[in-house]
Amino acid sequence: MSIRTNYEKWYEGEDYYWGLEPGRFLEELIKLCPPSEGKKVLDIGCGEGKDAVYMAQQGYDVTAFDLTENGIRKTISLAKDRGVNIRAYVDDINTFSLDEPFDIIYSTGTVQYLFDENKNRFFEKISKITRPDGVVLINVFVEKPFLELPPDWDKEEKMWRSGELFTYFADWKVERIDEVIFEDMSGGIPHYHCMDTIVCRKMQQDADDMTSR
Ligand SMILES: C[S@@+](CC[C@H](N)C(=O)[O-])C[C@H]1O[C@@H](n2cnc3c(N)ncnc32)[C@H](O)[C@@H]1O
């Protein structure tokens, strides 16, 4: 197995590195796009699956991938424990390929693993596979000259410029945009992150590529 992210070893044990509490943003997504028969969710960089499995428990049809084999093993096991089916597999945010449409696409703490040369293609893909009226939530760590690089930063992670994420969604309906600085204890040493988040909806006039589906 080629190790490209520290998470592969952090996810090895039976404990859940991120805990099992679903992310706070999920309730916001559920309100914006409530579950109903056949509503599909994609979690990009699902970690050990706590959010993907929670969304499946809410009634969505969930697809999730992560670069780590240990993360996917634990995602599948958590889904089994909770009695839900999800499609979870190892894949890379830089090269993944999916053609079917989704109602909710989200990716938290993962987009900084996109190589520069793949950014445009990634966001074109996201636009193509989001259903009209579908919702996207993405967050990314951004660089601030007054903040040090976090102690557990991976060699393949790359800080984004403040506001850069928002430029990829200029034609979408923005539901929420924010930039927040927060303290984090991951890796055992207290440090700060700055994070940009966008929650946005794909409007009908931007959805021509999906109407034939
Ligand atoms: C900060 S964690 C976030 C995990 C999860 N989304 C959450 O919020 O709990 C970043 C995740 O990105 C995954 N990752 C790293 N490089 C990746 C890549 N190239 N493609 C897909 N996932 C990747 C890591 O394995 C890790 O699970």
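For the structure itself, consult the block above.
Calculation rules
Residues numbered from 1 in each chain as written. Predicted model: local features only at pLDDT ≥ 70, side-chain atom pairs only at ≥ 80, totals over all residues. Heavy atoms only, no water. Helix = DSSP H or I, 4+ residues; strand = E, 2+ residues; numbered from the N terminus. Rg over C-alpha atoms; globule rule 2.2 N^0.38 Å. Buried < 20%, exposed > 50% of the residue type's maximum accessible area, 1.4 Å probe, protein only. Pairing = 2+ DSSP bridges. Right-handed = clockwise from strand over helix to strand, strands pointing away. Axes fitted to C-alpha atoms, helices over the stretch in contact; angles between N-to-C directions. Contact = heavy atoms within 4.5 Å. Polar contact = N/O pair within 3.5 Å; in protein donor to acceptor, adjacent residues only side chain to side chain. Near = heavy atom within 4 Å. Areas by Shrake-Rupley, 256 points an atom, 1.4 Å probe, with all protein chains shown as cover. Left-handed = near helix turned anticlockwise from the far one by under 90°. Nonpolar A, V, L, I, M, F, W, Y, C, P; charged D, E, K, R; others polar.

Quick one: what's the story with the overall build of the chain, residue by residue and with numbers?
Scanning the chain from N- to C-terminus turns up six helices and seven strands. Traced from its N-terminal end to its C-terminal end, the chain shows the element sequence α-α-β-α-β-α-β-β-α-β-α-β-β. For 213 residues, the compact-globule estimate of 2.2 N^0.38 gives 17 Å, and the chain sits close to it at 17 Å. On the principal axes, the C-alpha backbone points of the chain span a range of 50 × 40 × 30 Å.

So what about the pairing of strand β1 (residues 40-44)? Which residues, and what values?
Judged by how many residues are buried, β1 sits mostly within the fold: five of five residues are covered. Pairing between β1 and strand β2 (residues 61-66): five bridges, direction parallel. Within β2, the position partnered with Asp-43 by the bridge is Ala-64. For the segment spanning β1, helix α3 (residues 50-57) and β2, crossover handedness is right-handed. As paired strands, β1 and strand β4 (residues 102-107) are joined by three bridges and run parallel to one another. Counterpart to Asp-43 in the pairing with β4 is Tyr-106.

Kindly report on unusual backbone geometry, identifying the contributing residues and their values.
Glycine aside, the phi torsion of most residues is negative, and most peptide linkages are trans. For Asp-133, which is not glycine, the phi torsion reads 75 degrees and is therefore positive. Mapped onto the secondary structure, Asp-133 falls in strand β5 (residues 130-141). What makes Asp-133 partly exposed here is its relative accessible area of 47%.

Report on the sheet that holds β4, specifying residues and quantitative values.
Read across the open sheet, the seven strands follow the order β3-β2-β1-β4-β5-β7-β6; overall the sheet is mixed. If you trace the sheet from one side to the other, it starts and ends with β3 (87-90) and β6 (173-184), each paired once. Direction aside, neighbouring strands of the sheet carry axes that sit 10 degrees apart on average. Judged from the five bridges that link them, β4 and β5 form a sheet pairing that is parallel.

Summarise α3; cite the residues concerned and give the values.
Taking burial as the measure, the eight residues of α3 include seven buried ones, the bulk of the element. Looking at α3, one finds that the buried residues are Lys-50, Asp-51, Ala-52, Val-53, Tyr-54, Met-55 and Ala-56. The inward-facing, buried residues of α3 contact α2 (25-32), β1, β2, α4 (69-82) and β4. Where α3 terminates, the next one or two residues include Gly-59, which has phi positive at roughly 110 degrees.

Which residues make up the side chain of Asp-196, and what are the values?
On the secondary structure map, Asp-196 appears in strand β7 (residues 191-201). Engagement of the side chain of Asp-196 in a polar contact is seen with the backbone nitrogen of Gly-163, the distance being 2.7 Å. Excluding its chain neighbours within four sequence positions, the residues that come into contact with Asp-196 are Ile-138, Asn-139, Val-140, Val-142, Arg-161, Ser-162, Gly-163, Leu-165, Phe-166, Asp-178 and Glu-179.

Which residues make up the site of the ligand, and what values do they have?
Of all residues adjacent to the ligand, which total 19 residues, the nearest are Tyr-11, Gly-45, Asp-66, Ile-93 and Thr-108. Taking Leu-67, its main chain carries an N or O atom lying 3.3 Å from a nitrogen atom of the ligand. The contact in question runs from an oxygen atom of the ligand to an N or O atom on the side chain of Thr-108, over 2.7 Å. Contact with the protein chains hides 94% of the accessible area of the ligand, taken as 590 Å² for the molecule alone.

How would you explain the side chain of Asn-118 if you had to name every residue and give the values?
With respect to the element layout, Asn-118 can be found in the loop between β4 and α5 (119-129). Residue Asn-118 is classed as buried on the basis of its relative accessible area of 9%.

Please give an account of the packing of α2 against α3 that cites residues and values.
Across the interface, α2 lies against α3 with an axial gap of 11 Å and an inter-helix angle of 35 degrees. Judged by the sense of rotation from one axis to the other, the crossing of α2 with α3 is right-handed. The residues of α3 that touch α2, namely those facing Phe-25, Leu-26, Glu-27, Leu-29 and Ile-30, are Asp-51, Tyr-54 and Met-55. Per-class residue counts for the contact of α2 with α3 are six nonpolar, no polar and two charged.

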